Amino acid sequence: MEKRYFAESELIINSDGSVFHLHIKPEQLADKVILVGDPGRVALVASHFETQECDIESREFHTITGTYKNKRITVTSTGIGCDNIDIVMNEMDALANIDFNTRTEKDAPRQLEIVRIGTCGGLQPYTPEGTFICSVKSIGFDGLLNFYEGRNAVCDLQMERALLNHLGWSGNMCAPAPYVIDADEELINRIAGDDMVRGVTIACGGFFGPQGRQLRVPLADPKQNEKIESFEYNGMKITNFEMESSALAGLARLMGHKATTCCMVIANRVTKKSDTGYKSHIDDLIKIILERI
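Residues numbered from 1 in each chain as written. Predicted model: local features only at pLDDT ≥ 70, side-chain atom pairs only at ≥ 80, totals over all residues. Heavy atoms only, no water.

Draft legend 1. Molecular detail of unusual backbone geometry. Non-glycine residue Lys69 carries a positive phi angle of around 50°. In this structure, Lys69 sits in the loop between strand E3 (61–68) and strand E4 (71–77). Overall, Lys69 belongs to the partly exposed group, its relative accessible area being 48%. With a phi angle near 60°, Arg103 is a residue other than glycine that sits in the positive phi range. Topologically, Arg103 is positioned in the loop between strand E5 (98–99) and strand E6 (104–105). Given the relative accessible area of 10%, Arg103 is considered buried. (Helix = DSSP H or I, 4+ residues; strand = E, 2+ residues; numbered from the N terminus. Buried < 20%, exposed > 50% of the residue type's maximum accessible area, 1.4 Å probe, protein only.)

Okay, structure coming up:
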(Lines give C-alpha, C1' and ligand atoms only; values in the text may rest on other atoms or scores of the structure.)
Protein backbone atom coordinates (compact mmCIF):
# COMPACT_ATOMS: atom_id res chain seq x y z
CA MET A 1 0.00 0.00 0.00
CA GLU A 2 1.32 3.42 -0.93
CA LYS A 3 2.04 5.60 2.07
CA ARG A 4 0.01 8.75 2.50
CA TYR A 5 1.97 11.91 1.75
CA PHE A 6 1.40 15.04 3.88
CA ALA A 7 1.74 18.19 1.78
CA GLU A 8 3.69 21.24 2.90
CA SER A 9 0.47 23.21 3.39
CA GLU A 10 -0.97 20.53 5.73
CA LEU A 11 2.12 19.76 7.79
CA ILE A 12 4.25 22.89 8.03
CA ILE A 13 7.87 22.13 8.90
CA ASN A 14 10.24 25.00 9.69
CA SER A 15 13.56 25.38 7.88
CA ASP A 16 15.42 23.97 10.90
CA GLY A 17 13.38 20.74 10.80
CA SER A 18 11.06 21.67 13.68
CA VAL A 19 7.27 21.57 13.61
CA PHE A 20 5.56 24.88 12.82
CA HIS A 21 4.04 26.15 16.10
CA LEU A 22 5.90 24.21 18.79
CA HIS A 23 9.30 24.67 17.12
CA ILE A 24 10.50 21.32 18.44
CA LYS A 25 12.08 18.51 16.40
CA PRO A 26 11.02 14.84 16.42
CA GLU A 27 14.04 13.74 18.45
CA GLN A 28 13.23 16.30 21.16
CA LEU A 29 9.83 14.77 22.06
CA ALA A 30 9.72 12.19 24.86
CA ASP A 31 7.13 9.41 25.08
CA LYS A 32 5.92 10.82 28.41
CA VAL A 33 4.43 14.31 28.10
CA ILE A 34 3.13 16.79 30.67
CA LEU A 35 0.99 19.65 29.38
CA VAL A 36 0.39 22.87 31.33
CA GLY A 37 -1.54 25.97 30.32
CA ASP A 38 0.74 28.65 31.75
CA PRO A 39 4.10 29.00 29.95
CA GLY A 40 5.59 30.04 33.27
CA ARG A 41 4.65 26.70 34.79
CA VAL A 42 6.96 24.81 32.42
CA ALA A 43 10.02 25.97 34.35
CA LEU A 44 8.36 24.93 37.61
CA VAL A 45 7.82 21.38 36.33
CA ALA A 46 11.32 21.24 34.84
CA SER A 47 12.88 22.47 38.07
CA HIS A 48 12.41 18.90 39.33
CA PHE A 49 14.32 17.38 36.38
CA GLU A 50 17.80 15.99 36.97
CA THR A 51 18.82 16.80 33.40
CA GLN A 52 17.52 19.07 30.62
CA GLU A 53 18.29 18.51 26.93
CA CYS A 54 16.30 21.33 25.29
CA ASP A 55 14.49 24.53 26.24
CA ILE A 56 12.42 26.02 23.40
CA GLU A 57 9.96 28.94 23.37
CA SER A 58 7.57 29.92 20.58
CA ARG A 59 4.54 32.13 21.23
CA GLU A 60 2.63 30.57 24.15
CA PHE A 61 4.32 27.22 23.57
CA HIS A 62 7.28 26.61 25.89
CA THR A 63 8.88 23.16 25.86
CA ILE A 64 11.55 21.56 28.02
CA THR A 65 12.58 17.92 27.67
CA GLY A 66 14.60 16.29 30.41
CA THR A 67 14.76 13.40 32.85
CA TYR A 68 13.14 12.77 36.21
CA LYS A 69 14.23 9.64 38.08
CA ASN A 70 15.44 8.08 34.82
CA LYS A 71 12.15 8.87 33.05
CA ARG A 72 12.49 11.02 29.93
CA ILE A 73 9.71 13.62 30.02
CA THR A 74 8.65 16.53 27.82
CA VAL A 75 6.73 19.40 29.44
CA THR A 76 4.96 21.84 27.11
CA SER A 77 2.70 24.81 27.71
CA THR A 78 -0.42 25.05 25.59
CA GLY A 79 -1.91 28.37 26.55
CA ILE A 80 -5.65 28.49 27.22
CA GLY A 81 -8.38 26.66 25.31
CA CYS A 82 -9.21 23.61 23.22
CA ASP A 83 -8.12 25.40 20.04
CA ASN A 84 -4.55 25.39 21.32
CA ILE A 85 -4.87 21.73 22.34
CA ASP A 86 -5.76 21.03 18.69
CA ILE A 87 -2.43 22.55 17.64
CA VAL A 88 -0.37 20.83 20.31
CA MET A 89 -1.90 17.38 19.88
CA ASN A 90 -1.71 17.38 16.09
CA GLU A 91 1.88 18.63 16.06
CA MET A 92 3.01 16.21 18.77
CA ASP A 93 1.33 13.33 16.94
CA ALA A 94 3.10 14.42 13.76
CA LEU A 95 6.44 14.54 15.59
CA ALA A 96 5.82 11.01 16.85
CA ASN A 97 4.26 9.34 13.83
CA ILE A 98 5.25 11.17 10.62
CA ASP A 99 8.69 10.98 9.02
CA PHE A 100 9.67 14.63 8.51
CA ASN A 101 12.12 13.72 5.73
CA THR A 102 9.66 11.80 3.53
CA ARG A 103 6.47 13.45 4.83
CA THR A 104 4.86 10.02 5.14
CA GLU A 105 3.44 8.09 8.08
CA LYS A 106 5.92 5.90 9.94
CA ASP A 107 5.52 2.12 9.74
CA ALA A 108 5.35 1.52 13.51
CA PRO A 109 2.95 3.77 15.47
CA ARG A 110 4.37 5.49 18.54
CA GLN A 111 2.06 5.97 21.51
CA LEU A 112 2.48 8.99 23.75
CA GLU A 113 1.41 9.15 27.39
CA ILE A 114 0.05 12.62 28.13
CA VAL A 115 -1.09 14.18 31.40
CA ARG A 116 -2.39 17.74 31.57
CA ILE A 117 -1.83 19.57 34.86
CA GLY A 118 -4.13 22.53 35.34
CA THR A 119 -6.53 24.46 37.51
CA CYS A 120 -10.30 24.34 37.54
CA GLY A 121 -13.53 25.42 39.19
CA GLY A 122 -15.29 22.94 41.47
CA LEU A 123 -19.01 22.30 40.89
CA GLN A 124 -19.89 20.09 43.86
CA PRO A 125 -19.74 20.61 47.64
CA TYR A 126 -17.19 17.77 47.85
CA THR A 127 -14.75 19.54 45.48
CA PRO A 128 -13.62 22.55 47.57
CA GLU A 129 -10.54 24.65 46.86
CA GLY A 130 -7.38 22.55 46.94
CA THR A 131 -9.06 19.34 45.71
CA PHE A 132 -7.17 17.35 43.07
CA ILE A 133 -9.50 16.03 40.34
CA CYS A 134 -8.53 13.47 37.71
CA SER A 135 -10.91 13.65 34.74
CA VAL A 136 -12.38 10.21 34.07
CA LYS A 137 -14.83 11.70 31.58
CA SER A 138 -14.67 15.04 29.83
CA ILE A 139 -17.59 16.88 28.30
CA GLY A 140 -16.63 19.20 25.47
CA PHE A 141 -18.66 22.38 25.14
CA ASP A 142 -16.01 23.55 22.65
CA GLY A 143 -17.21 21.51 19.65
CA LEU A 144 -13.68 20.70 18.46
CA LEU A 145 -14.01 16.93 18.19
CA ASN A 146 -17.08 17.34 15.98
CA PHE A 147 -14.74 18.32 13.12
CA TYR A 148 -13.03 14.89 13.14
CA GLU A 149 -14.21 11.65 11.58
CA GLY A 150 -14.78 8.88 14.10
CA ARG A 151 -15.96 11.07 16.96
CA ASN A 152 -19.13 8.99 17.45
CA ALA A 153 -17.10 5.78 17.77
CA VAL A 154 -15.08 7.13 20.71
CA CYS A 155 -17.76 9.19 22.50
CA ASP A 156 -20.41 8.26 25.06
CA LEU A 157 -23.44 9.08 22.91
CA GLN A 158 -26.03 8.07 25.51
CA MET A 159 -24.55 10.43 28.11
CA GLU A 160 -24.43 13.19 25.49
CA ARG A 161 -28.14 12.75 24.80
CA ALA A 162 -29.01 12.68 28.51
CA LEU A 163 -27.09 15.92 29.11
CA LEU A 164 -28.67 17.66 26.11
CA ASN A 165 -32.14 16.77 27.39
CA HIS A 166 -31.29 17.86 30.94
CA LEU A 167 -29.96 21.24 29.80
CA GLY A 168 -32.85 21.78 27.39
CA TRP A 169 -30.48 22.11 24.44
CA SER A 170 -32.05 19.43 22.22
CA GLY A 171 -33.20 21.05 19.01
CA ASN A 172 -31.69 24.42 19.96
CA MET A 173 -29.57 25.46 16.98
CA CYS A 174 -27.84 28.17 19.04
CA ALA A 175 -26.68 25.76 21.75
CA PRO A 176 -23.34 23.90 21.70
CA ALA A 177 -23.15 20.28 20.51
CA PRO A 178 -21.39 18.67 23.49
CA TYR A 179 -19.34 15.51 23.19
CA VAL A 180 -18.46 13.12 26.03
CA ILE A 181 -15.13 11.31 25.97
CA ASP A 182 -13.48 8.84 28.38
CA ALA A 183 -9.86 9.34 29.39
CA ASP A 184 -7.49 6.37 29.27
CA GLU A 185 -8.45 3.92 32.02
CA GLU A 186 -4.98 2.58 32.79
CA LEU A 187 -3.52 6.07 32.97
CA ILE A 188 -6.35 7.24 35.23
CA ASN A 189 -5.78 4.37 37.67
CA ARG A 190 -2.04 5.06 37.80
CA ILE A 191 -2.24 8.85 38.04
CA ALA A 192 -5.32 9.27 40.26
CA GLY A 193 -4.35 6.52 42.69
CA ASP A 194 -6.52 6.60 45.79
CA ASP A 195 -5.98 10.26 46.72
CA MET A 196 -7.70 12.17 43.88
CA VAL A 197 -11.36 12.69 43.08
CA ARG A 198 -12.21 10.83 39.86
CA GLY A 199 -14.43 13.35 38.19
CA VAL A 200 -16.52 14.34 35.21
CA THR A 201 -15.15 17.55 33.75
CA ILE A 202 -16.73 20.10 31.42
CA ALA A 203 -14.28 21.83 29.08
CA CYS A 204 -15.74 25.22 28.16
CA GLY A 205 -15.12 27.48 25.19
CA GLY A 206 -14.60 30.49 27.45
CA PHE A 207 -14.00 31.56 31.05
CA PHE A 208 -16.97 33.85 31.59
CA GLY A 209 -20.31 33.23 29.84
CA PRO A 210 -19.66 29.57 28.95
CA GLN A 211 -18.90 28.88 32.62
CA GLY A 212 -21.95 30.79 33.84
CA ARG A 213 -20.09 33.94 34.91
CA GLN A 214 -21.97 37.16 34.28
CA LEU A 215 -20.35 40.57 34.27
CA ARG A 216 -21.87 43.26 32.02
CA VAL A 217 -23.41 40.98 29.38
CA PRO A 218 -26.41 38.89 30.52
CA LEU A 219 -26.31 35.11 30.13
CA ALA A 220 -28.51 33.28 27.61
CA ASP A 221 -29.46 30.84 30.38
CA PRO A 222 -28.91 32.19 33.93
CA LYS A 223 -29.74 28.75 35.36
CA GLN A 224 -27.20 26.85 33.28
CA ASN A 225 -24.82 26.16 36.17
CA GLU A 226 -27.67 24.96 38.40
CA LYS A 227 -28.66 22.48 35.70
CA ILE A 228 -25.05 21.31 35.30
CA GLU A 229 -24.59 20.86 39.05
CA SER A 230 -27.81 18.81 39.33
CA PHE A 231 -27.09 16.54 36.33
CA GLU A 232 -26.47 12.90 37.21
CA TYR A 233 -25.81 9.97 34.88
CA ASN A 234 -25.22 6.39 36.08
CA GLY A 235 -24.30 7.70 39.52
CA MET A 236 -21.85 10.28 38.16
CA LYS A 237 -22.09 14.03 38.72
CA ILE A 238 -20.22 16.80 36.94
CA THR A 239 -17.38 17.83 39.25
CA ASN A 240 -15.55 20.72 37.62
CA PHE A 241 -15.12 23.27 34.85
CA GLU A 242 -11.90 23.86 32.89
CA MET A 243 -11.04 24.57 29.25
CA GLU A 244 -8.89 21.84 27.68
CA SER A 245 -9.59 18.28 28.88
CA SER A 246 -12.15 17.24 26.25
CA ALA A 247 -9.98 18.06 23.24
CA LEU A 248 -7.00 16.34 24.87
CA ALA A 249 -8.87 13.13 25.70
CA GLY A 250 -10.75 13.08 22.40
CA LEU A 251 -7.81 13.67 20.09
CA ALA A 252 -5.65 11.27 22.07
CA ARG A 253 -8.28 8.55 21.61
CA LEU A 254 -8.54 9.18 17.86
CA MET A 255 -4.75 9.26 17.45
CA GLY A 256 -4.01 6.21 19.60
CA HIS A 257 -2.36 7.98 22.53
CA LYS A 258 -3.09 7.76 26.28
CA ALA A 259 -4.21 10.94 28.02
CA THR A 260 -5.96 12.36 31.04
CA THR A 261 -6.25 15.69 32.87
CA CYS A 262 -5.51 16.40 36.53
CA CYS A 263 -6.58 19.74 37.97
CA MET A 264 -6.45 21.52 41.30
CA VAL A 265 -9.65 23.31 42.26
CA ILE A 266 -8.94 27.00 42.82
CA ALA A 267 -12.57 28.19 43.02
CA ASN A 268 -15.78 26.48 44.05
CA ARG A 269 -18.80 27.75 42.14
CA VAL A 270 -21.27 26.35 44.69
CA THR A 271 -19.76 27.91 47.81
CA LYS A 272 -18.62 31.02 45.86
CA LYS A 273 -15.11 30.77 47.34
CA SER A 274 -11.73 30.98 45.59
CA ASP A 275 -8.04 30.65 46.40
CA THR A 276 -5.95 33.27 44.58
CA GLY A 277 -2.81 31.94 46.30
CA TYR A 278 -3.06 28.56 44.60
CA LYS A 279 0.29 28.88 42.81
CA SER A 280 2.11 27.98 46.01
CA HIS A 281 0.20 24.65 46.12
CA ILE A 282 0.23 23.56 42.44
CA ASP A 283 3.76 22.20 42.91
CA ASP A 284 2.31 19.45 45.12
CA LEU A 285 0.23 18.21 42.18
CA ILE A 286 3.22 18.48 39.84
CA LYS A 287 5.30 16.25 42.14
CA ILE A 288 2.57 13.62 42.23
CA ILE A 289 2.29 13.54 38.43
CA LEU A 290 6.06 13.31 38.00
CA GLU A 291 6.16 10.31 40.32
CA ARG A 292 3.25 8.48 38.64
CA ILE A 293 3.62 9.24 34.95
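Draft legend 2. Quick peek at the pairing of strand E10 (residues 197–203). Burial within E10 is extensive, with five of its seven residues counted as buried. In this sheet, E10 lies alongside strand E8 (residues 132–140) in parallel orientation, the contact comprising seven bridges. Paired with Ser138 across the two strands is Thr201, which belongs to E10. Pairing of E10 with strand E12 (residues 236–242), which is carried by four bridges, proceeds in the parallel orientation. Looking across to E12, one finds that Ala203 is bridged to Glu242. (Pairing = 2+ DSSP bridges.)

Draft legend 3. A nonpolar patch on the surface, seen in detail. Together, Phe207, Phe208 and Leu215 make up an exposed nonpolar region whose accessible area comes to about 330 Å². The residue Leu215 is located in the loop between E10 and helix H6 (224–230) in this model. (Patch = residues over 30% accessible without salt bridge, like charges linked within 9 Å, V, L, I, M, F, W, Y side chains within 5 Å. Areas by Shrake-Rupley, 256 points an atom, 1.4 Å probe, with all protein chains shown as cover. Salt bridge = Lys/Arg side-chain N within 4 Å of Asp/Glu carboxyl O.)

Draft legend 4. Highlighting the pairing of E8. The buried fraction of E8 is high, at eight of nine residues. Taken together, the three bridges between E8 and strand E13 (residues 258–268) define a ladder with antiparallel strand orientation. Within the sheet, the bridge partner assigned to Ile133 lies in E13 and is Cys263. One ladder, built from four bridges, connects E8 with strand E9 (residues 179–182); its direction is antiparallel. Note on E9: the bridge partner recorded for Ser138 is Ile181.

Draft legend 5. Highlighting the pattern of salt bridges. This model, assessed by the stated rule, comprises 18 salt bridges. As a salt-bridge pair, Asp31 and Arg110 come within 2.6 Å of each other at their nearest N and O atoms. With Asp31 in the segment before strand E1 (32–36) and Arg110 in the loop between E6 and strand E7 (113–122), this pair connects stretches of sequence that are 79 residues apart. Residue Asp31 is classed as partly exposed on the basis of its relative accessible area, which comes to 40%. For the salt bridge of Lys287 with Asp283, the shortest nitrogen-to-oxygen distance reads 3.8 Å. Highlighted residues: Lys287 and Asp283, both in helix H8 (residues 282–292), separated by four residues, approximately one helical turn. Overall, the relative accessible area of 40% leaves Lys287 in the partly exposed class. Each of Lys32, Glu113, Asp184, Glu186, Arg190 and Lys258 takes part in a single network of salt bridges with overlapping partners.

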